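Take a look at the letters that make up each chain.
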Amino acid sequence: MKLGACLLLLFGFFLVLAALVMLTSLAQRSAFVGAGFGVEVLGLSLLTHAYRTMRREQR
Amino acid sequence: MNLELSLFSILLVPFAAAGLALIHQGLGRSRSAAHAMLASLCALAVSAIVFVLFGSAWAGSVGAATHSFTAGGAHWDWLGAAPFFARGVSFDGADAAGLSRSLVLCLELFAVGLAAIIPLSAGTDRWRLGPICLSSALLAGVTFPVFAHWVWGAGWLAQLGANFGIPNFTDAGGTGAVQVVGGLTALSVAWIAGPRRGKYSDDGMPAAIPGHNIVLVLFGCLLALVGWIGLDAAVSILFYGAGPQQVVGVAINAMLAASAGCLAALAITRSRYHKPDASLSANGWIAGLVAGSAACAMISPVAAIVIGLVAGVLVTYMIEVFELRLRVDDPGGAVSVHALAGIWGLIALGIFGHFSQGTRGGHLLAQLVGISALLGFMLPLIHAGNLLLNRLSTYRVDDDGHWQGMDIRELGAGAYPEFVIHADEFVPR
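Residues numbered from 1 in each chain as written. Chains lettered and ligands numbered in written order. Predicted model: local features only at pLDDT ≥ 70, side-chain atom pairs only at ≥ 80, totals over all residues. Heavy atoms only, no water.

Student: Give me the lowdown on the state of the cysteines, citing residues and values where you can.
Tutor: Residue and element names in this part refer to chain B. Under the counting rule described, the total for this entry stands at 0 disulfides over all chains. The thiol of cysteine 42 is not disulfide-bonded; the next cysteine sulfur, from cysteine 133, is found 4.4 Å away. What makes cysteine 42 buried here is its relative accessible area of 18%. Considering cysteine sulfurs only, cysteine 106 is the nearest to cysteine 296, which forms no disulfide, with 18 Å between them. Given the relative accessible area of 1%, cysteine 296 is considered buried. (Disulfide = S-S within 2.5 Å. Buried < 20%, exposed > 50% of the residue type's maximum accessible area, 1.4 Å probe, protein only.)

Student: A description of the interface of chain B and chain A should follow, citing residues and the corresponding values.
Tutor: Contact residues are listed per partner, giving 34 residues for chain B and 21 residues for chain A. Carbon and sulfur atoms supply 73% of the area buried between chain B and chain A, which totals about 2,400 Å² over both sides. Of all residues in chain B, the largest losses of buried area upon contact with chain A belong to B:Phe164, B:Trp191 and B:Leu365, amounting jointly to 24% of the total for that side. Between the two partners, chain B and chain A, sit 0 salt bridges. One can count 5 residue pairs in polar contact (both at pLDDT 80 or more) joining chain B with chain A. Those elements that place two or more of their residues in the side of chain B that touches chain A are α5 (160-164), α6 (175-193) and α12 (360-392) of chain B. Among the elements that take part in the side of chain B that touches chain A, α12(B) stands out by supplying 15 residues, more than any other. Of the residues that constitute the side of chain B that touches chain A, the class distribution is 21 nonpolar, 10 polar and 3 charged. (Contact = heavy atoms within 4.5 Å. Buried area = accessible area lost by both parts, 1.4 Å probe. Salt bridge = Lys/Arg side-chain N within 4 Å of Asp/Glu carboxyl O. Polar contact = N/O pair within 3.5 Å; in protein donor to acceptor, adjacent residues only side chain to side chain. Helix = DSSP H or I, 4+ residues; strand = E, 2+ residues; numbered from the N terminus. Nonpolar A, V, L, I, M, F, W, Y, C, P; charged D, E, K, R; others polar.)

Student: Describe the nonpolar core, naming the residues involved and giving the relevant values.
Tutor: By size, the foremost hydrophobic cluster in this structure holds 136 residues, and its most contacted members are B:Phe144, B:Phe147, B:Trp156, B:Leu157, B:Leu160 and B:Ile286. Non-local contacts of B:Leu160, meaning those with residues more than four positions away in its chain, are made with A:Leu20, B:Gly165, B:Ile166, B:Pro167, B:Asn168, B:Phe169, B:Ala366 and B:Val369. (Core = buried A, V, L, I, M, F, W, Y, C linked by side-chain atoms within 4.5 Å.)

Student: For the environment of B:Gly358, give the residues involved together with the corresponding values.
Tutor: Residue and element names in this part refer to chain B. Tracing the chain through its elements places glycine 358 in the loop between α11 (334-352) and α12. By relative accessible area, glycine 358 is classed as exposed at 58%. Taking the C-alpha atoms as reference points, glycine 358 and tryptophan 344, 14 residues apart in sequence, are found 21 Å from one another. With sequence-adjacent residues up to four places away left out, glycine 358 is seen in contact with Pro167 and His363.

Student: Please provide a residue-by-residue account of the pattern of salt bridges, values included.
Tutor: Residue and element names in this part refer to chain B. Taken as a whole and judged by the stated rule, the model has 6 salt bridges over all chains. For glutamate 323, the salt bridge goes to lysine 199, with nearest N and O atoms at 3.3 Å. Within this pair, whereas glutamate 323 is found in helix α10 (residues 301-325), its partner lysine 199 is found in the loop between α6 and α7 (214-240), the two being separated by 124 residues in sequence. Owing to a relative accessible area of 26%, glutamate 323 belongs among the partly exposed residues under this scheme. Arginine 272 is the salt-bridge partner of glutamate 320, the closest N and O atoms lying 3.0 Å from each other. In this pair, glutamate 320 is assigned in helix α10 and arginine 272 in helix α8 (residues 244-273), connecting sequence segments 48 residues apart. Using a relative accessible area of 26% as the deciding quantity, one classes glutamate 320 as partly exposed. One continuous salt-bridge network, built from bridges that share partners, spans Asp125, Arg196 and Asp329.

Set out below in structure tokens:
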């Protein structure tokens, strides 16, 4: 789960880079950068969840 | 560039490190106090040596050699390629470029030490000294130089305008390179080291483990203010061409942002708990400094107050969210104070900054791209590096060490040998 979460963080970053390279208008770029952020937040949530679950199992 | 002013500003930066060291020490427990201070010194020492030997080459500077490639019609300058062991920096004062590089090296040397101290707060009372040195080396040798190059060494984030037609990412006080990188390292350390023994009960409820010396914490806040003004001013002068008049604005904005952050935290804790909480107010002060740093030379005093207020409110609630909901045991609140308040500061620059060129939307987009790089690239890099180091040398002290305290366990003597040792009220033996 942790590896998947880190990959999601990276994918979100690459989505932001792709928005810069492939799009030109500010509105389109903003939308895709927002989407990239969404993916990063998902990755961060998953990573947090993974550690919470691990601690609970350790208890 | 004003040489005397930039040098004076750089020489103030170690006060910020001293302030943070006192804050971390005071927010920890008395039986780990000497260990906390020694850990701060070790983090400073290791980061200084590793940065000068290796990190400075990858951080690079404007006009120095870089590693880059071309893709998607853009030039991606991703890592510095200056000579190792700081051989590209001369101290003979023969030319202006050499002088500028030596000043940048000196500033980044102190800044990386500050960044290396930040994660100590998240590992208080359980992070061993050896792994602290290893993690500081990772930060000074790899993670800080990478982002510092992107932002301050003419890397791709500083070339967004030339490559993509949007304004460049701006970090005028080291909020991204120092605070957020340090704060994300703190998050990684808190995850890896786990909570302190006795912090959470079997049903997951957290116990309050108060800091042992709040006077030192508050004194640390005052010291940090001096250092922060130096850091903000030095970065603004060296990387963004600020003049003496803007430096005055930097000092005023730093003071206002810190004040607003502290008062916001004080008011919130007063209304919630009927008495102001000193440690959260101290966190609000530092959060105001962190958030105000990003835009220090580019905002009005009113904007600095608003940024500090939001940072103070954000930190007060987020420390609770991390402790109660996310089960991240961060005794000094480093993740909220440095990472989250730093991210808010970077966004606030796009919202409140005064810019001579580019639209506000463009600046906001550029800031979001920089934050995305911090979360999407730097966090996985930091976490992977720390997980690897944890395999080499376990971060967390063993259960006996928890009970003894880090001072006795790792140093063989306590910080306060004349104190009467009471039965431990938190951890049953």
